[in-house]
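Okay, here's what each chain looks like letter by letter:
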Amino acid sequence: MLTYSDMFERELRKFITTEIDRLLENVGHGMGVADYAQYSKLVGEIAGLRRTLEFCEEARLFVNQQR
């Protein structure tokens, strides 16, 4: 049985992963990329979202150690 926190983390990870996939598709196909500045912005967003997933993992490990 998943706790509320586990369900929240799972759903948050799904949303973040879906957004990363969407941004990667846009960058990969050139959709929505008008110039290098826009490309850099999208790549930065992807990097930030990936870092957020890493923070989720670190937070989960920290909470589990506190139990």
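In this report, the structure presented in the accompanying data block is examined. On a predicted model such as this, the values are computed, not experimentally measured, just so you know. (Residues numbered from 1 in each chain as written. Predicted model: local features only at pLDDT ≥ 70, side-chain atom pairs only at ≥ 80, totals over all residues. Heavy atoms only, no water.)

### A word on the nonpolar core
Then, number 1: Residues Ile16, Ile20, Leu23, Leu42, Ile46, Leu49 and Leu53 constitute the largest nonpolar core, which totals seven residues.
Then, number 2: Going through the elements one at a time, α1 (4-29) and α2 (36-66) are the ones with two or more residues in this core.
Then, number 3: In terms of residues, this core owes the most to one element, α2, which gives four residues.
Then, number 4: Those residues in contact with Leu42 that lie beyond four places of it in its chain are Leu23, Val27, Gly32 and Val33. (Core = buried A, V, L, I, M, F, W, Y, C linked by side-chain atoms within 4.5 Å. Buried < 20%, exposed > 50% of the residue type's maximum accessible area, 1.4 Å probe, protein only. Helix = DSSP H or I, 4+ residues; strand = E, 2+ residues; numbered from the N terminus. Contact = heavy atoms within 4.5 Å.)

### Notes on α2
What sets the pattern is the α-helix's 3.6 residues per turn: residues three or four places apart point alike.
Then, number 1: End to end, α2 covers 45 Å across 31 residues, agreeing with the expected 45 Å (1.5 Å per residue, within 8%).
Then, number 2: Along α2, the residues that are buried comprise Leu42, Ile46, Leu49, Leu53 and Cys56. (Expected span 1.5 Å × (residues − 1).)

### Quick word on the packing of aromatic side chains
Then, number 1: Enumeration according to the criterion identifies one aromatic pair in this entry.
Then, number 2: Ring geometry for Tyr36 and Tyr39: centres 6.1 Å apart, planes at 35°, overall tilted. Taken as a pair, Tyr36 and Tyr39 lie in helix α2 at a separation of three residues, close to a single helical turn. (Phe/Tyr/Trp six-rings, centres within 6.5 Å; stacked < 30°, edge-to-face > 60°.)

### A look at α1
Then, number 1: Across its 26 residues, α1 extends 38 Å between first and last C-alpha, which sits within 8% of the 38 Å expected from 1.5 Å per residue.
Then, number 2: For α1, the set of buried residues is Glu9, Ile16, Ile20, Leu23 and Asn26.
Then, number 3: Summarising the contacts, the buried residues of α1 are in contact with α2.
Then, number 4: Downstream of α1 by one or two residues, Gly30 has phi in the positive range, about 75°.

### Considerations on the layout of surface pockets
Then, number 1: In this model, the largest pocket occupies a volume close to 200 Å³.
Then, number 2: For the largest pocket, the full set of lining residues is Ser5, Asp6, Phe8, Glu9, Leu12, Cys56, Ala59, Arg60, Val63, Asn64 and Arg67.
Then, number 3: A class-by-class count of the residues in the lining of the largest pocket yields five nonpolar, two polar and four charged. (1 Å grid on protein atoms, 1.4 Å probe; cavity = no way out; pocket = protein on both sides within 12 Å on 5 of 7 lines; lining within 4 Å. Points joined across faces, edges and corners; volume = space filled by probe spheres on them. Nonpolar A, V, L, I, M, F, W, Y, C, P; charged D, E, K, R; others polar.)

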